[in-house]
Amino acid sequence: MAARQLDVKCPVPIVRVKKEIDSMQAGDVLEVLATDPGSVTDFQGWAKTSKLAVLKEQRTEKDSTGKDVYVHVLERKG
């Protein structure tokens, strides 16, 4: 199982994540880093309708400046 990390500090994180998931193999894991608190519900909703990805985990961490970073762990479906 390969693991990747994608930093999506931009206005269209779901689009970038979908492109990344499309290029992955079944069982691969993608850790997405986002700065927008709205990304939590965005990824929950997207994962419910995605045919290619499962949302495995969500957590909040602090970056080096103390700002919140929202981590979304997705797995590519088989």
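Shown above is the structure to which this text applies.
In this convention, every chain numbers its residues from 1, walking through the sequence in written order. The predicted origin of the model limits local features to residues at a pLDDT of at least 70 and limits the giving and counting of side-chain atom pairs to 80 or more, whereas totals for whole chains, interfaces and linings rest on all residues. Values reported for side chains reflect all heavy atoms of the structure, with hydrogen atoms and water molecules removed beforehand.

Chemist: Before we move on, can you summarise the sheet that holds strand β2 (residues 29–34) with the specific residues and values?
Modeler: With mixed pairing, four strands are arranged side by side in an open sheet as β1-β2-β4-β3. In this open sheet, the two strands that pair with only one neighbour each are β1 (3–7) and β3 (53–62). Each adjacent strand pair in this sheet contributes to an overall mean axis angle of 20°, direction not counted. One requirement defines pairing of two strands: DSSP has to find at least two bridges between them. A run of H or I in DSSP counts as a helix once it spans at least four residues, and a run of E counts as a strand once it spans at least two, with each numbered from the N terminus. As defined by bridge partners, β2 adjoins strand β4 (residues 68–76) across six bridges and the pair is classed as antiparallel. Residue Glu31 lies in a different strand from β4, and its bridge partner there is Val73. For this analysis, residues touch if any pair of their heavy atoms sits within 4.5 Å. A fitted line through C-alpha atoms represents every axis, and for helices the fit uses only the stretch in contact; the resulting angles, taken between N-to-C directions, go from 0 to 180 degrees. Sheet contacts for helix α2 (residues 39–49): β2, β3 and β4; angle to β3, the most-contacted strand, approximately 170°.

Chemist: Any chance you could break down the nonpolar core for me, citing the residues and the numbers?
Modeler: Remark: nonpolar core denotes a set of buried residues (Ala, Val, Leu, Ile, Met, Phe, Trp, Tyr, Cys) joined through side-chain atoms within 4.5 Å. Burial here depends on accessible area, computed with a 1.4 Å probe over protein chains only, as a share of the maximum for the residue type. Under 20% is buried, over 50% is exposed, and the range in between is partly exposed. Core analysis: the largest hydrophobic core is formed by 12 residues, namely Leu6, Val8, Val17, Ile21, Met24, Leu30, Val32, Ala34, Phe43, Trp46, Ala53 and Leu74. Mapped onto this core, the elements with two or more residues apiece are α1 (13–22), β2 and α2. By residue number, the principal contributor to this core is β2, which donates three residues. Apart from residues lying up to four places away in sequence, Trp46 is in contact with Ile14, Val17, Lys18, Ile21, Ala53 and Leu74. The next biggest cluster of nonpolar side chains, apart from the first, holds five residues, and it includes Val29, Leu33, Val71 and Val73.

Chemist: Summarise α2; cite the residues concerned and give the values.
Modeler: Buried within α2 are the following residues: Ser39, Phe43, Trp46 and Ala47. Down the axis of α2, the sector holding all buried residues measures 100°, keeping them to one side. Seen from the buried face of α2, the exposed residues on the opposite side, beyond 90 degrees, are Thr41, Lys48 and Thr49. Picture the helix axis, draw a direction to every C-beta atom, and the arc is the one those directions span.

These values are about where atoms sit, not about what they do.
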